[in-house]
Each structure stands twice: as C-alpha cells, then as structure tokens.
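Residue-level listing of the chains:
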Number of protein chains: 2
Amino acid sequence: MGSLSLEMDFEPLPMTPRSLAMTPRSLARRRLFPNGENKKQKVAPPGAGPRKNLELEVMEPGLKNDGPSLDTILVNYLDTLKQRVNYHLGYPVNICYDHYATLAPLLQFHLNNCGDPFLQNTVDFHSKDFEVAVLDWFAQLWEIEKDQYWGYVTNGGTEGNLHGILLGRELLPDGILYASKDSHYSVFKAARMYRMDSETINTSVNGEMDYSDLRAKLLQNKDKPAIINVTIGTTFKGAIDDVDVILETLKDCGYSQDRFYIHCDAALCGLMTPFINNMISFKKPIGSVTISGHKFLGCPMPCGVQITRKSYINNLSTNVEYIASVDATISGSRNGLTPIFLWYSLSAKGQIGLQKDVKRCLENAKYLKDRLQKEGISVMLNELSIIVVLERPRDHEFVRRWQLSCVKDMAHVIVMPGITREMLDNFISELVQQRKQ
Amino acid sequence: MGSLSLEMDFEPLPMTPRSLAMTPRSLARRRLFPNGENKKQKVAPPGAGPRKNLELEVMEPGLKNDGPSLDTILVNYLDTLKQRVNYHLGYPVNICYDHYATLAPLLQFHLNNCGDPFLQNTVDFHSKDFEVAVLDWFAQLWEIEKDQYWGYVTNGGTEGNLHGILLGRELLPDGILYASKDSHYSVFKAARMYRMDSETINTSVNGEMDYSDLRAKLLQNKDKPAIINVTIGTTFKGAIDDVDVILETLKDCGYSQDRFYIHCDAALCGLMTPFINNMISFKKPIGSVTISGHKFLGCPMPCGVQITRKSYINNLSTNVEYIASVDATISGSRNGLTPIFLWYSLSAKGQIGLQKDVKRCLENAKYLKDRLQKEGISVMLNELSIIVVLERPRDHEFVRRWQLSCVKDMAHVIVMPGITREMLDNFISELVQQRKQ
C-alpha cells in the first residue's frame, strides 16, 4: 500500500450495496430481530435516496403484534451495544459511563434547568446547584474568577459554538468570522444561521491554522472587527490552533482588543490541555471557551460546558417572566440530568484522575502510532494529541467493524480513556492481517 | 380579593428576602444538608446580582471533605424531589417517568444520534431506528406520507422553533417573521439570532392571535414574503391560534403559497389536538410542526419532535464527511436516549392511552375551574385547553410551595396527566385557606 497523503483528495471510496448492508442501522436491526424475523429487511441501493424500510415502529397496545415485545427489543439492542463497546475506536466519546447505576434513579423525574443557571426558577425539578458547581470548576480550570464569568451546561459542543459565535456577533455586529477549514462544521453553520460574513483560513498539513493566511485575510478586512474561532483540537487530526500566535497576529495587524472576539472550540481538548500547559486561560483576552462533556470526561448523552465573561452576557439576556428567569442560553429548556452526571464524574475522578487519564491516553496514542509505523503503515500524530491519523483501510467491513471515522484517504483512531492496549493490539493485528489479503 | 384582569399590567409583586429564601435552590440545599450543615447559606438580598453563595461544589477525591459524600448528596436531592412531586402544578411537564427502571440500563453507554436520523453513521452507538419509528408515528398523526416528510428528535421545543423558523428564512430569505405577543419567547430569540425583520401581532384577551392585526400588518408589508409562527397552545393561557383563519387571511391579503411559510409551535398541544380535531395537518399548506416530548407525553429530560416537508430540507443540508452524514439539524450531536424514551412511552401508552389522558386532563381542568369559580376566585379556561389561569395568589410561599408559574397578576395551573383530583382538592383547600388570612 502506498504512503499516506495528508492532503485531502476528492475520491472517496465508492459505497457498495454490501457496505451499506453493514451500516449500524442494519447491524442494529439484525440484532433486534436475531431469529430469522428479519424477512422484510431490504438493502437500499446506492443513490436510492436516504429512506430505508425499517422494521422498528411504535406499537399500539391491544393491537395484534407478531414481532418481539418492547422489552425484547430493548434487551437485544443493549446486547448489541455491549458487544460493540470493544470496537469503538473512531469517535471522541467515552462510550461507557461508570456511574450509571448510582445515577439511574434520577430518570424517574423530569429535570429541566430552564434559562439562566444562576437565577432561581419557581419550580423545584432542576439541578442548578449541581450545574453551578460544575461551571465553577471549569472557571477555575480556565482561570477566571467566580464573579467574573457566566456560563451554562449545553446540549453539546455545537451549542457552545453557536453561543460563543453569537456572543461575538452581538458584541461586534459587523464582525467577520474567521475560522480554519479544519474547524468543526458547526462554526460555518453558525455563520450561515447568523448571516455573518466569514473567511475560511487555510490549514497546514497537520491541521493547524495557517497563521500567514490569517494575517493576510485580517489585513484585507481591516475596516471590520474580527470574530475568530480558535480550535483547541481539530476533530479529525487533533491539531491545536495557537491562541498566543493568533493574539500576536491580531496585534500586528492593528486590531485593538475592542475590535476582536475570540471563541475557543475546545470540544475534546479543553479537559486535556489544562493538565499539560495553560493554553486556555481567561487571563488572555479571549471571549468564550466551550468543551463537550461527553468526550474526554464521558456522559450517557451529549452535553457541553460554555464559559464566557459575565460582562458580555447582558447583551444576550432577555427577561422572560414566564420562567422567572433571564434567558441568555440558546436552548431555553435544558437537560437537568447532564449537570449531575458531570458533577458526579468530576468529583469521582478529580483533577488527579483526569491528569492520569491524559497521561495514559497520550502514551497509548504514541504506542499505537509506533506500532503502526513499524508495520509500514503511514501514520500521523500531532503533539499533545490522542488522535492517530492513518491511511484509510480499503476494506469497508473492517472500517465498520472498528467504527472508524474516515475523511477522504484518511482514517483515525481516537485513543480515549476507555481504550486499552489490548484493544489497540487487536486492532493492529486485524489491520495487518487485512492488508495482507 | 378583586376580580382577575386578564390584561397584563406592569406591577409584579415585589420579591422579598423571605421569598428568595424559598427558591428551589435554597430549598434543595436545605435538603442536601439537612442536619444543620447549612451554616454558610446566605440569602441574596434583592438586587444584589444573580450570583449566590453555593455550598455544593465539585470535590477532589483524596482531599479532606467535611461535608456529605457524593452519594449522600444525591440521596438527599432525590428525597427532596420525591416530596415535591405532589406540589408540581404550574409547569407543562409530566414530572414522573413511568418506565425509568426498564430504560435505566441505557445510561451505561453514550448514545449519540449525530446528524440526519435517516442516514447511517459509521458508529453503532446511536438509536436512529427508534428515532425514525417515533418520527413515522408523528408523521402519521399530522397527516404526511413517510416519503414526503423529514424530521428529527430535538433537544426541546426551542430547538424545534429555531429549526422551523430557519427553514422559513432559508426558503424566503427576505421574509418577515410574524408572531403573536403570546408566542414562546424562543420565536423572538430566533428572529434576533437570524437577523430577520419581525412583526409582533396583538392577542385577544384569551391569548389567541388577533387576526385583524395580522391582516393589517400583512397588508402593510405586502412586498415581502411572510413567515408565520402559529402557536397551538400558548405557554401561559393555552390559547390556540387558528391555522385555518390564518391561511384564509393570507389568501385574502394576496399572499400566494410560494410567498408564505407557516411554522406551528405545538409544544404542549401537538399531542392533544389530534385526538380532538384535525387542526394540525400537513394536508394544509404548513411548513413545519414542533412539539415538546417532555410535556404531554413525558420524558426525564427535555426533548421534542420536529417534522417538516422533505422538499424543504435540502436547503439546509451540508455534507459533512466527518460524521458520514448530511446534517440539517441545529444541534449536530444529538441525544440518543430521548428517542428510545419517546418510543417506549408511545408504544406503552398508544393512541388510545393518549386519547384517554387528553379526556381526563380536559375534565380535570374543567373541574378545577368550576371549583375555583364557586370559591369566588377569578379564573379562565380556554376551549380545548388544560391551562387554568387564575388570579395570582398574594402569598409567595404558597406560590413557591405549589410551584406555580406567574405572569403579572396571573398564575396558572396546568392540569397534566399526572395530576390527580386529590392534588387539585388539596390545592383548592389550601388556596381558600390562604385567602382568608
């Protein structure tokens, strides 16, 4: 096999009917109906449109039902997931949540942290105490005083990006959004939603922002303020844009502090870099930082943390008497379970536990990279990254089996805390085997 | 006590330090630290800013901890919630979820329905089969063919509104947003986020859109397309804007079907009206319908369902190879648990069960209204509504105890499926007692 081109090309491997048949939905369906009850299953031909014929539907109690019961469907679904845990290598999520049994009783209620976490509601079914505890912890991690910050637990990294970029736009209404082409796609989605002008900045081969391109574009648009999305760990290559270089570039180009806003998308790495260096710090003139809570830390459902400066938030607040709260969030009604899940995990693990996780993941990523290199497989690993980029395996079933994420001719493995050396060894040996065929 | 003015005035009752001390956060804290461990608790004086001194924080394992353990905090929190269930009258959520024990094992995994529900991901930890089953059920309820609709399970009603209004704006880029002043606040938030011009339409005393004001404003802005938010059940008074009258008004004012877009915010009532009349139907020229899943049906965390026409969605889709999906959602990474919770509840209850719930809630609302009227308390109940609006009780502790939602001089009780006659009787007798003091 040839060497890995880290520049993207535009020839993704074709999807065959066979590979489509191995999609997660058909896999799941196979497990849901394991005993030949799968007669109606059809494989969608490529290009036949997105809709597939599904077996699973909402049932009506009292009507005749030839298929499995609700509980059988659930048990089969859970069994499939259990079997697939050891083959989850391509996505930046902690796939298992250790404290689920302890926290399960929360599910008997509806918990809703509607509106501002710092203001009281007139209803008891929320977890804002837990939420503020979590926010305080992150504020300390990112070096901002309790009385200086505002934030909330979001539904995920995208909501954090939507919120941070909206803050920037409200502060600098004619600002241009600058984001590298390796930024998360939600950043460009935000520009479109918010009707903002944007500039896409090139990246170097490792995925990091090309600062000379940023400089050129900042100079071209000097008459307008700059809203910059800084990615602390790109989704595919794990590259970290250097906040300090970006701040220096802004200064060099004549942008004073009242003419720029910096949002840091630290989805995966916001919980890692603080244990390595002080890259993310509100002592620097940054406006907001967001992380995903379900990534490095882990949570059964997507969530995130968004922290900004308290002085910025009044711009967004609208007094809504209905919920007796000033709402400066994107989502209004908010999940009340996730703050408790985050609080519990952070408290059980602690900074010391997280630091250990970071160290082990970095070592395991280095181990994977070295082993793959020894096998003659092209591979790349950024500094301070746990994302090992490798040439895309040709066999679709292998890619699906290991749940790899692929872009063009590349795949990656994200060496998350739950991934063991044993899993990596199994992966390597199967990959080597597969390449011989 | 005087009669209830259903027009709003602008003199909310003042917040006293005592009433602040009864906020849910201080209530919760009291339970969290029940044995005099509450020394540090301070009551924020009115106007002292939003930040309160909280006792709860993230702990660091290994460090000395004089307070209660993680598990003790959780148990106390759960105990408080259990005690407060019978006093939850003011909010449109089904506060208890019957099937939590069955579904709790799902919490051991991270489930993420990233991107489009109809397209496969390259990872197994999702519940898109369940999600599509739920969407199909709602499509049938609102009369649109499987191959004609697109939708997804959202994080709540707000995301549905953000999505529906964005669809309208993308189809009609210079459209003006029309929404009644009793619309949910997320509708006006959307206009601001999306940089859309908007017109606020007056409402009649019962909370319903004032169609003559709509007509006047449509005629004023005839050169621009109209994007109309129709509220099927306003948050405070439960009023239903009449889609048919609005469609007639558009026609009368000379708006052809390619020059308007209708989004229906049916947060609470979208699951009720179909069992009473066919108000919501895609056989009419409407563009999108959203409901909240945690309201009439119930779910441990906020969620919703958004359904639109498949032909509209391509405008929003962006191909993102990273997640091997075309993403036309707002939130990207999406909660994979909520579709399973919705699927289970819908299947366990069925249309027949929902219909029974609707009937019982309407009867109970009528019962509450009649009883209050007999006691000489001013009260209002819209047709087909389960929201009983009454004069705001003067005692803040009473309002907090019953978790009532208040706007100006009004309060309301939302007679949800979980609310029994016994709870209503207790409420009435306490209210009558309190008014004598």
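Since we're looking at a predicted model, the values are computed, not measured.

**Q** What am I meant to see in the overall build of chain A here?
**A** When helices and strands are tallied, chain A shows 13 helices and 13 strands. Pairs at least 24 apart in sequence give 70% of the contacts found in chain A among residues at least 6 apart. Total accessible area computed for chain A in this model is approximately 15900 Å², and 49% of it derives from carbon and sulfur atoms.

**Q** I'm lost on the packing of helix α5 (residues 128–141) of chain A against helix α11 (residues 337–374) of chain A in this one. Help?
**A** Two measures define how a pair of helices packs: the angle their axes make with one another and the distance between the axes. All names here are of chain A. Viewed as axis vectors pointing N to C, α5 and α11 meet at an angle of 35°, and their least axial separation amounts to 8 Å. Between α5 and α11 lies a crossing whose hand is left-handed. Facing F130, E131, A133, V134, W137, F138 and L141 of α5, the residues of α11 in contact are P339, I340, L342, W343, L346, Q351 and L354. Here the contact of α5 with α11 is built from residues that sort into twelve nonpolar, one polar and one charged.

**Q** How should the interface of chain A and chain B be read in this particular structure?
**A** Bring the parts together and some accessible area is lost; that lost area is often taken as the interface size. Contacts between the two partners involve 127 residues from chain A, matched on the other side by 127 residues from chain B. The contact between chain A and chain B buries some 11400 Å² in all, and 60% of this surface belongs to carbon and sulfur atoms. One salt bridge in this structure joins R400(B) and D124(A), with 2.4 Å as the shortest N-O distance. At the junction of chain A and chain B, the tally comes to 49 residue pairs in polar contact (both at pLDDT 80 or more). Mapped by element, the contributors of at least two residues to the side of chain A that touches chain B are α2 (24–32), α3 (70–84), α4 (100–103), α5, α6 (157–171), α7 (185–193), α11 and β12 (405–407) of chain A. For the side of chain A that touches chain B, the element with the highest residue contribution is α11(A), accounting for twelve residues. Considered class by class, the residues forming the side of chain A that touches chain B number 73 nonpolar, 28 polar and 26 charged.

**Q** Sorry if this is basic, but what is going on with the relation of the copies chain A and chain B here?
**A** After a rotation of 180° and a shift along the axis of 0.0 Å, chain A superposes on chain B with an RMSD of 0.0 Å. Taken together, the rotation and translation describe the operation of a two-fold axis. Using C-alpha coordinates, one finds that chain A approaches the rotation axis most closely at Y194(A), a distance of 2.4 Å. Most of the interface of chain A is mirrored in chain B: 100% of its interface residues are interface residues there too.

**Q** Teacher, can you tell me more about empty space enclosed by the protein here?
**A** If a probe the size of a water molecule is rolled over the atoms, the empty space left behind becomes visible. The final tally for this structure, using the stated rule, is eight cavities of 30 Å³ or more. Considered as a void within the structure, the second largest cavity measures approximately 340 Å³ in volume. Around the second largest cavity, the lining is made up of 27 residues, and of these N112(A), C114(A), S333(A), H294(B) and K295(B) lie nearest the centre. The biggest single contributor to the lining of the second largest cavity is helix α6 (residues 157–171) of chain B, with three residues. Per-class residue counts for the lining of the second largest cavity are eleven nonpolar, 14 polar and two charged.

**Q** Explain helix α7 (residues 185–193) of chain B to me, please; I cannot follow it from the model alone.
**A** Because the α-helix completes a turn every 3.6 residues, residues three or four places apart line up on one side. Residues and elements named next belong to chain B. Extensive coverage of α7 is indicated by the burial of seven of its nine residues. Within the span of α7, buried status applies to Y185, S186, V187, K189, A190, A191 and M193. Immediately downstream of α7, the backbone of R195 shows phi near 55°, a positive value.

**Q** Could you clarify how one ought to interpret the packing of aromatic side chains in this entry?
**A** In this description, a pair of aromatic rings is defined by centroid distance and the angle of the planes. Tallied over the entire structure, the rule returns 28 aromatic pairs over all chains. Their ring planes at 75° and their centres at 4.9 Å tell us that F130(A) and W343(A) sit as a pair that is edge-to-face. Of this pair, F130(A) sits in helix α5 while W343(A) sits in helix α11, and the two are 213 residues apart along the sequence. One Lys or Arg, R421(B), reaches over the ring of Y367(B) and ends 4.1 Å from the middle of that ring.

**Q** Help me out: how do you make sense of the confidence of the model for chain A in this one?
**A** Fine structural detail should not be taken from predicted coordinates in areas where pLDDT scores are low. Residue and element names in this part refer to chain A. The predicted model of chain A has a mean per-residue pLDDT of 86, with 86% of residues at 70 or higher. Of the regions scoring below 50 in pLDDT, residues 1–54 engages in 116 contacts with residues more than four places distant in sequence or in other chains. Across the assembled chains, the prediction reports ipTM 0.88 with pTM 0.88.

Conventions adopted
Residues numbered from 1 in each chain as written. Chains lettered and ligands numbered in written order. Predicted model: local features only at pLDDT ≥ 70, side-chain atom pairs only at ≥ 80, totals over all residues. Heavy atoms only, no water. Helix = DSSP H or I, 4+ residues; strand = E, 2+ residues; numbered from the N terminus. Contact = heavy atoms within 4.5 Å. Areas by Shrake-Rupley, 256 points an atom, 1.4 Å probe, with all protein chains shown as cover. Axes fitted to C-alpha atoms, helices over the stretch in contact; angles between N-to-C directions. Left-handed = near helix turned anticlockwise from the far one by under 90°. Nonpolar A, V, L, I, M, F, W, Y, C, P; charged D, E, K, R; others polar. Buried area = accessible area lost by both parts, 1.4 Å probe. Salt bridge = Lys/Arg side-chain N within 4 Å of Asp/Glu carboxyl O. Polar contact = N/O pair within 3.5 Å; in protein donor to acceptor, adjacent residues only side chain to side chain. Least-squares fit on C-alpha atoms with pLDDT ≥ 70 in both. 1 Å grid on protein atoms, 1.4 Å probe; cavity = no way out; pocket = protein on both sides within 12 Å on 5 of 7 lines; lining within 4 Å. Points joined across faces, edges and corners; volume = space filled by probe spheres on them. Buried < 20%, exposed > 50% of the residue type's maximum accessible area, 1.4 Å probe, protein only. Phe/Tyr/Trp six-rings, centres within 6.5 Å; stacked < 30°, edge-to-face > 60°. Lys NZ or Arg CZ within 6 Å of the ring centre and 35° of its normal. pLDDT = per-residue confidence, 0-100.

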